[in-house]
Amino acid sequence: MFSLMPEPDAAKAIKATVNYYLYGEMPEEITGVSAQVFTIMKADIDRNNEKYREIVERNAKNGKNGGRPRKTQS
């Protein structure tokens, strides 16, 4: 997606995406194509983070229940 954008717009979108991913910071001044691409990337990041949280919660619950049973050696 970024490779199809003009360089200045791609740079803005990449910086906004990285700052959101690493620090949770929403871009203040981003417009046009950069804003549209960021919106798509933000949705993807949010969806992946939610999926990760669900897996962590499931694993924590399973761990509290004793986890996976031990394998028996033959």
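Structure: above.
Here is a short report on the structure shown in this document. Here the residue numbering is sequential within each chain, running from 1 through the sequence in written order. Two thresholds apply to this predicted model, a pLDDT of at least 70 for residue-level local features and 80 or more for giving and counting side-chain atom pairs, whereas whole-chain, interface and lining totals are computed over all residues. The basis for every side-chain value is the complete set of heavy atoms in the structure, and neither hydrogens nor water enter the calculation.

This next bit is on helix α1 (residues 7-23). For the purposes of this entry, the term helix denotes a DSSP run of H or I that reaches at least four residues, the term strand denotes a run of E that reaches at least two, and both are numbered from the N terminus. Expected helix span is given by 1.5 Å per residue-to-residue step, counting one fewer step than there are residues. Between its first and last C-alpha, α1 extends 24 Å over 17 residues, near the 24 Å set by a 1.5 Å rise per residue. Whether a residue is buried, partly exposed or exposed follows from its accessible area with a 1.4 Å probe, protein chains only, as a fraction of its type maximum: under 20%, in between, or over 50%, in that order. The set of residues buried in α1 consists of Ala 10, Ala 13, Ala 16, Thr 17 and Tyr 20. Taken end-on, α1 shows its buried residues confined to a sector of 135°, consistent with a single buried face. For α1, the exposed residues lying more than 90 degrees away from the buried face are Glu 7, Pro 8, Lys 15, Leu 22 and Tyr 23. This arc is built from the directions going out from the helix axis to the C-beta atoms.

In this section: the side chain of Thr 17. Relative to the assigned elements, Thr 17 resides in helix α1. Its relative accessible area of 9% is what places Thr 17 among the buried residues. Contacts are assigned to residue pairs with any non-hydrogen atoms lying within 4.5 Å of each other. Contacts of Thr 17, omitting those with residues within four sequence positions, involve Phe 2, Phe 38, Met 41 and Ile 45.

A few words on the pattern of salt bridges. Here, a salt bridge means any Lys or Arg side-chain nitrogen found within 4 Å of an Asp or Glu carboxyl oxygen. Tallied over the entire structure, the rule returns 3 salt bridges. Put simply, Asp 44 and Arg 47 hold a salt bridge, and the shortest N to O gap is 2.7 Å. Placement of the pair is Asp 44 and Arg 47 together in helix α2 (residues 32-64), with a separation of 3 residues, close to one helical turn. Arg 53 is the salt-bridge partner of Glu 50, the closest N and O atoms lying 2.8 Å from each other. With Glu 50 and Arg 53 both in helix α2 and 3 residues apart, this pair spans about one turn of that helix. Here Glu 50 falls in the partly exposed class, since its relative accessible area comes to 36%.

We now examine the packing of aromatic side chains. Centre distance within 6.5 Å is the pairing criterion for rings of Phe, Tyr and Trp, where only the six-membered ring of Trp is used; planes under 30 degrees apart are then read as stacked, over 60 as edge-to-face, and the remainder as tilted. Applying the stated rule across the entire model yields 1 aromatic pair. Both rings, one in Tyr 20 and one in Phe 38, keep their centres 5.9 Å apart while their planes meet at 90°; by these two values the pair is edge-to-face. Residue Tyr 20 is found in helix α1, and its partner Phe 38 is found in helix α2; the two are separated by 18 residues along the sequence. Taken as a pair, Tyr 20 and Phe 38 share a single burial class, namely buried.

Moving on, we come to α2. Its 33 residues give α2 an end-to-end C-alpha distance of 48 Å, which sits within 8% of 48 Å, the value for a rise of 1.5 Å per residue. Elements in contact with the buried residues of α2: α1. Count one or two residues on from α2 and you reach Gly 66, which has phi positive near 105°.

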